Amino acid sequence: VQLQASGGGLVQAGGSLRLSCAASGRTFSRYIMGWFRQAPGKEREFVAAVNWSGGSTYYGDSVKGRFTVSRDNAKNTLLLQMNSLKPEDTAVYFCAASGDANWASSRIITTYDYWGQGTLVTVSS
C-alpha cells in the first residue's frame, strides 16, 4: 500500500490542523493505520492508531483529549484532527499502515510495514 500524507503547515498555539493520509494499492480496510511524529533531534514517537473498522483507537499520552484519529474506508483515507496545538507538537507527522492482526501492538513502531513521506507541522508560540 502506498501512503501520501498532507495537511501540515504553520499554526499558532491553540489552533487546529487536520492531517490527511491517502492510501492506494491494496485493500485499505485490511490495515491498522497509525500516525507517528518526529521532532528535530528526537526519536519517532507514536501519536495515534485506529483499527480496521475505525471502531477502536489508541492515543499517545501527550495528545489524548486534543487529537482525534479516524478513517474512511470507502475513500481510503486516514485523518488526524489536531486541536489545542502546542509548540511541542511541532514535528514531521507520518502515517503508517500495519498488516499485523494484533491490535494490541498498534502503538509499537515496528508493527508498521508501510510509511508515508511525512508532513511538517509547525506550532508557533
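To be clear, the structure that these remarks concern was listed above.
Participant: Would you take a moment to explain the packing of aromatic side chains for this structure?
Facilitator: Pairs of aromatic rings are described using the distance from one ring centre to the other and the angle between the two planes. Summed over all chains, the structure comprises seven aromatic pairs. Aromatic pair Phe36 and Tyr112: ring centres 5.1 Å apart, planes at 75°, arrangement edge-to-face. Placement of Phe36 in strand 4 (residues 32–38) and of Tyr112 in the loop between strand 9 (91–98) and strand 10 (114–115) is noted, with a sequence separation of 76 residues between them. Judged by centre distance (4.6 Å) and plane angle (5°), the rings of Tyr58 and Trp103 are stacked.

Participant: Could you clarify how one ought to interpret the nonpolar core in this entry?
Facilitator: Most often, soluble globular proteins keep nonpolar side chains buried together rather than apart. One finds Trp35, Leu78, Leu80, Met82 and Tyr93 to be the most contacted residues of the largest nonpolar core, which totals 30 residues. Mapped by element, the contributors of at least two residues to this core are strand 1 (2–6), strand 3 (17–24), strand 4, strand 5 (45–50), strand 7 (67–72), strand 8 (77–82), strand 9 and strand 11 (119–124). In contact with Tyr93, other than residues within four places in its own chain, are Leu19, Trp35, Phe36, Arg37, Val47, Phe67, Leu80, Met82, Gly118, Thr119 and Val121. By size, the runner-up hydrophobic cluster in this structure holds seven residues, among which are Ile32, Phe36, Ala96 and Tyr112.

Conventions we followed
- Residues numbered from 1 in each chain as written.
- Predicted model: local features only at pLDDT ≥ 70, side-chain atom pairs only at ≥ 80, totals over all residues.
- Heavy atoms only, no water.
- Phe/Tyr/Trp six-rings, centres within 6.5 Å; stacked < 30°, edge-to-face > 60°.
- Helix = DSSP H or I, 4+ residues; strand = E, 2+ residues; numbered from the N terminus.
- Core = buried A, V, L, I, M, F, W, Y, C linked by side-chain atoms within 4.5 Å.
- Buried < 20%, exposed > 50% of the residue type's maximum accessible area, 1.4 Å probe, protein only.
- Contact = heavy atoms within 4.5 Å.

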